[in-house]
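Reading the structure
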Amino acid sequence: MFNPFEILHLKQTYSLDQDVLEAHYFEAQRKTHPDQFSRGNEQEKAEAMEKSTAVNQAYLILRDPLLRAEYLLKMAGIDLLSNDSAFLEHVMEWNERLARGEDLHPDLKVKEKELLTGLENAFFLHDHEMARRVLYQLTYLQKLLK
Amino acid sequence: MLLQLVEPGQTPDPHSTPKGVVVGIDLGTTHSVVAIMQGEKPQIIPFKKGRSLLPSTLSLTKEGLKVGDISKTALSSTKRLMGREKGLSLSLGSHKLSAVQVASHILEHVKLHVEDALACPLEAAVITVPAYFDEAARIATKQAAALAGIKTLRLINEPTAAALAYGLETGAEGIYAIYDFGGGTFDISLLKLKGNVFQVLGTGGDLNLGGDDIDHALLAHHQLSDLTEARFLKEQLSQKSDYEGITREDLEAVAAPFVKRTLQITQDVIREAKISLQEIQGVVLVGGMTRMPLVKQEVTNLFGQQPLCAIDPDQTVALGAALVAHGLTHGSEALLLDLTPLSLGLETMGGLVEKIIPRNTPLPALASQEFTTHEDGQGGMIIHVVQGEREFVSDCLSLAQFELKGLPPLNAGAVRVRIDFSVDVEGLLTVSAFEKTTGLSQHIEVRPSQGLDEQTISEIILESQKYGKKDIQKRLDAEEIQKNDRNSFVKS
């Protein structure tokens, strides 16, 4: 089973310092990157390619708060939400304002920050129900921001 | 050269052959540069008359084909055609050459020159390519090296090489922007330098934006006899404010739109990497175009700081390549973490592109996607691999096309095929396909990097026409127009 925390030798928690993540990522690449095995035999090269790829995949998941949350919820056996009626109010309000030609970007950015803090708190409190609701809202919000 | 005679059935002892040198080669659009490690530092191996730059040209003389002449009839800037030509040939007298062949002549010249200068065989080389080079252009570069008898240790991106040379020279740490404006291409890369790790955070560019374009525009706007004169004028006006009645303001009026375009790309890359301008510690200038005062001024304005010019902008890339060549053969503390410059994807229904590996994914990379059949009893599936950022296949570069045959005759949507994309540290792709619905697993592996010779390309095209894909012809027509466009950069 692919475990990004294990691959980067990190404790399996949501809360993750970006500098620590980066240090672990660099350390893992130093040990696995194919350039470090350029003088090795074919088998060593193939292994390096595979391991270094896994390190990159782990890094991509862990550095993204949404992917990290998704992974942790999956590991806890929690299904992701596919809709949230309470959030619909917000969405309708935003749509109305968009239709009026308002620039929502600054407001959405504030909301995003608020939700990211909410996600952190949910995991801190081991409240998976709240975590999956906030994750759903964040996913929606990021699509809107794009 | 001595030939080693071997009795049939015997293989020579690999350890008995003398080990050659490894070098870094910057195979540039207008100039090529070669460097080697001397003790702790990389050094340029000068060409004749102590010049560090070899014009990337090929001309026909009484003695035959000659590299490095800047006569009016010489082929130049052919790097812009790398991986773009599909059967196109350049004429030089009675010779018909492809851009790959021109590059191989230049590389062979470099090889012979190095061997002559160092009295030692050239064993292998690290060759630099623009970060924004696509798969086809990267493969073409490797083919040119192979034709020249040079083993490619590794392709490396030019800005990454420049950052390495700069970082190791100065011990710089933090986030740096490498602004590389050369004769034919523009590249911008953002790198994080930290304790000998060189992590590329974002990269972007334009393969058809360089000093050559300004030469062409100058030629069109002023009464000049040819491109050589235009280039000379451009270089003069970068040092003086006036030359033979044409002022620096005249040059800048012509150059401004091109420079503006580089700044737009730069801003896009910074935004995409989610980095603020304040976080950028320094800006390193690479490429001949950065000598133009207008370019320096605009870059200074954009970043709000003076760019760094600690190393000659023409030499930085080759010096970095020499460092990598040494590192790969002798071990190194430096670690390069690079990215995919362009998204890789597959054609889906309606000529749309499904991105499998988005641009700016760290390398090596692997990603998978499952596809199903859309017709009952569909026996095969055409896998069309493309590269680019656009939504439609017709706007992207086609890398390879193959058919997965013998799928189980089930209802639409019942057959599941998994496609794997794997990209190595040089940015080269391998595509694998698996069909496991019935337990009959089918596995096919395609490496565009090994199969993109001209014959394969024409076969792929024939195949696709057989399947009645009219869009392919449309695309070929469009490509033909582009090809002719690009061809105008080459003197004949």
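Residues numbered from 1 in each chain as written. Chains lettered and ligands numbered in written order. Predicted model: local features only at pLDDT ≥ 70, side-chain atom pairs only at ≥ 80, totals over all residues. Heavy atoms only, no water.

**Here we look at the overall build of chain B**
Stated formally: Working definition: helices are DSSP H or I runs of at least four residues, strands are E runs of at least two. Numbering for both runs from the N terminus. Note on classification: 1.4 Å probe, protein chains only; a residue is buried when its accessible area is under 20% of the maximum for its type, exposed when over 50%, partly exposed between these limits. Note on definitions: a residue-residue contact is assigned when non-hydrogen atoms from the two residues lie within 4.5 Å. All accessibility values rest on the Shrake-Rupley procedure with a 1.4 Å probe; residue burial counts only the protein chains present in the view.
Secondary structure summary: chain B contains 11 helices and 26 strands in total. Among the 492 residues that make up chain B, the fraction classed as buried is 55%. Put simply, 64% of the contacts in chain B that link residues at least 6 apart link residues at least 24 apart. Total accessible area on chain B is roughly 22000 Å²; 51% of this is exposed by carbon and sulfur atoms.

**Considerations on the sheet that holds strand β13 (residues 186–194) of chain B**
In sheet architecture, strand pairing relies on hydrogen bonds along the backbone and comes in two forms, parallel and antiparallel. The condition that has to hold: Between any two strands, at least two bridges found by DSSP are needed for them to pair. Every angle, taken between N-to-C directions, lies between 0 and 180 degrees, and every axis is a line fitted to C-alpha atoms, over only the stretch in contact when it is a helix.
The sheet built from five strands is open, its strands ordered β17-β12-β13-β14-β18 (chain B) with mixed pairing. Every other strand in the sheet has two partners, leaving β17 (280–286) and β18 (335–337) of chain B as the edge strands with one partner each. On average, each strand axis in the sheet is inclined to that of its neighbour by 25°, with strand direction left out of account. Strand direction decides the pairing type here: strand β14 (residues 197–206) of chain B and β18(B), joined by three bridges, are parallel. Among the inter-strand pairings, Phe198(B) is bridged to a residue of β18(B), identified as Leu336(B). Helix-sheet contacts for helix α2 (residues 18–32) of chain A involve β13, β14 and β18 of chain B, and the interaxial angle to β18(B) is about 115°. Those strands touched by helix α3 (residues 158–170) of chain B are β12 (174–181), β13, β14, β17 and β18 of chain B, and its axis lies near 40° from that of β13(B).

**What to know about the side chain of Lys111(A)**
Of note, Lys111(A) is situated in helix α6 (residues 105–124). The contact partners of Lys111(A), leaving out residues within four places of it in the chain, are His90(A), Trp94(A) and Leu141(A).

**What to know about the domain arrangement of chain A**
A common way to express how large an interface is: the accessible area buried when the components associate. Let me state the cut-off plainly: Domain start and stop points were drawn from an automatic or database domain assignment.
Once the domains are mapped, chain A shows domain 1 (4–63) and domain 2 (88–145). Between the C-alpha centres of domain 1 of chain A and domain 2 of chain A the distance comes to 31 Å.

**Focus on the packing of helix α1 (residues 99–118) of chain B against helix α2 (residues 135–147) of chain B**
All names here are of chain B. As a reminder, the rule being used: Orientation labels follow simple angle bins: below 35 degrees gives roughly parallel, above 145 gives roughly antiparallel, 65 to 115 gives roughly perpendicular, and whatever is left gives oblique. Should the near helix be turned anticlockwise from the far one by less than a right angle, the crossing is left-handed, and should it be turned clockwise, the crossing is right-handed. Three residue categories are used. Nonpolar comprises Ala, Val, Leu, Ile, Met, Phe, Trp, Tyr, Cys and Pro, charged comprises Asp, Glu, Lys and Arg, and polar comprises the others, including Gly.
Direction vectors running N to C along α1 and α2 enclose 50°, while the axes themselves pass 8 Å from each other. Our classification of the angle between α1 and α2 gives oblique. In this structure, the crossing between α1 and α2 has a hand that is right-handed. On α2, the residues touching Val100, Gln101, Ala103, Ser104 and Leu107 of α1 are Ala140, Gln143, Ala144, Ala145 and Leu147. Broken down by class, the residue content of the contact of α1 with α2 amounts to seven nonpolar, three polar and no charged.

**Section: the pairing of strand β23 (residues 397–404) of chain B**
Residue and element names in this part refer to chain B. Of all the eight residues making up β23, seven are buried; the element is thus mostly covered by neighbouring parts of the structure. With seven bridges joining them, strand β22 (residues 381–387) and β23 adopt antiparallel strand pairing. Paired with valine 385 across the strands is alanine 400, a residue of β23.

**Here we look at the nonpolar core**
All names here are of chain B. In plain terms, the rule: Take the buried Ala, Val, Leu, Ile, Met, Phe, Trp, Tyr and Cys residues and link them wherever side-chain atoms come within 4.5 Å; each set so joined is a nonpolar core.
Among the nonpolar cores identified, the biggest contains 40 residues, and Val23, Ile25 and Leu107 are the most heavily contacted of them. Where this core is concerned, the elements lending two or more residues are β1 (21–27), β2 (31–38), β8 (90–92), α1, β10 (122–129) and α2. Tallying contributions element by element places α1 first for this core, with eight residues. Once residues lying within four places of it in the same chain are set aside, the contact partners of leucine 107 are Ile25, Leu27, Ile127, Ala144, Ala145, Ala148 and Ile150.

**Some words on the environment of Arg390(B)**
Residue and element names in this part refer to chain B. We count it as follows: Think of a polar contact as two N or O atoms within 3.5 Å of one another; within protein, one of them needs to be a possible hydrogen donor and the other a possible acceptor, and neighboring residues in sequence only count if both atoms come from side chains.
With respect to the element layout, arginine 390 can be found in the loop between β22 and β23. Once the C-alpha coordinates of arginine 390 and glycine 351 are considered, the two residues, 39 residues apart in sequence, prove to be 11 Å apart. Setting aside residues no more than four positions away along its own chain, arginine 390 makes contact with Val353, Asp395 and Cys396. Within the structure, the side chain of arginine 390 is placed 3.2 Å from the side chain of aspartate 395, a separation counted as a polar contact.

**Some points on the environment of Gln143(B)**
Residue and element names in this part refer to chain B. Residue position: glutamine 143 is located in helix α2. Its relative accessible area of 29% is what places glutamine 143 among the partly exposed residues. In the structure, glutamine 143 is positioned 164 residues away from proline 307 in sequence and 36 Å away in space, judged by C-alpha atoms.

**Thoughts on the packing of helix α5 (residues 85–99) of chain A against helix α7 (residues 128–145) of chain A**
Residue and element names in this part refer to chain A. Running from N to C, α5 and α7 point in directions that differ by 15°, and their axes come no closer than 11 Å. Between α5 and α7, the interaxial angle falls into the category roughly parallel. Handedness of the α5/α7 crossing: right-handed. Mapping the contact onto sequence places Phe87, Val91 and Trp94 in α5 and Tyr136, Gln137, Tyr140, Leu141 and Leu144 in α7. Counted by class, the contact of α5 with α7 contains seven nonpolar, one polar and no charged residues.

**Some thoughts on the pattern of salt bridges**
Residue and element names in this part refer to chain B. Definition in use: Each salt bridge in this description consists of a side-chain nitrogen of Lys or Arg and a carboxyl oxygen of Asp or Glu lying within 4 Å of one another.
Inspection of the entire model under this criterion finds 31 salt bridges over all chains. A salt bridge links lysine 41 to glutamate 169, with the shortest nitrogen-to-oxygen separation between them at 3.4 Å. Taken together, the positions of lysine 41 in strand β3 (residues 41–44) and glutamate 169 in helix α3 put the pair 128 residues apart, joining distant regions of the chain. A salt bridge links aspartate 215 to arginine 231, with the nearest nitrogen and oxygen atoms 3.4 Å apart. A residue pair is termed long-range when its members are at least 10 positions apart, and aspartate 215 in helix α4 (residues 211–221) and arginine 231 in helix α5 (residues 227–239) qualify at 16 residues. Take arginine 231: its relative accessible area is 25%, and that puts it in the partly exposed class.

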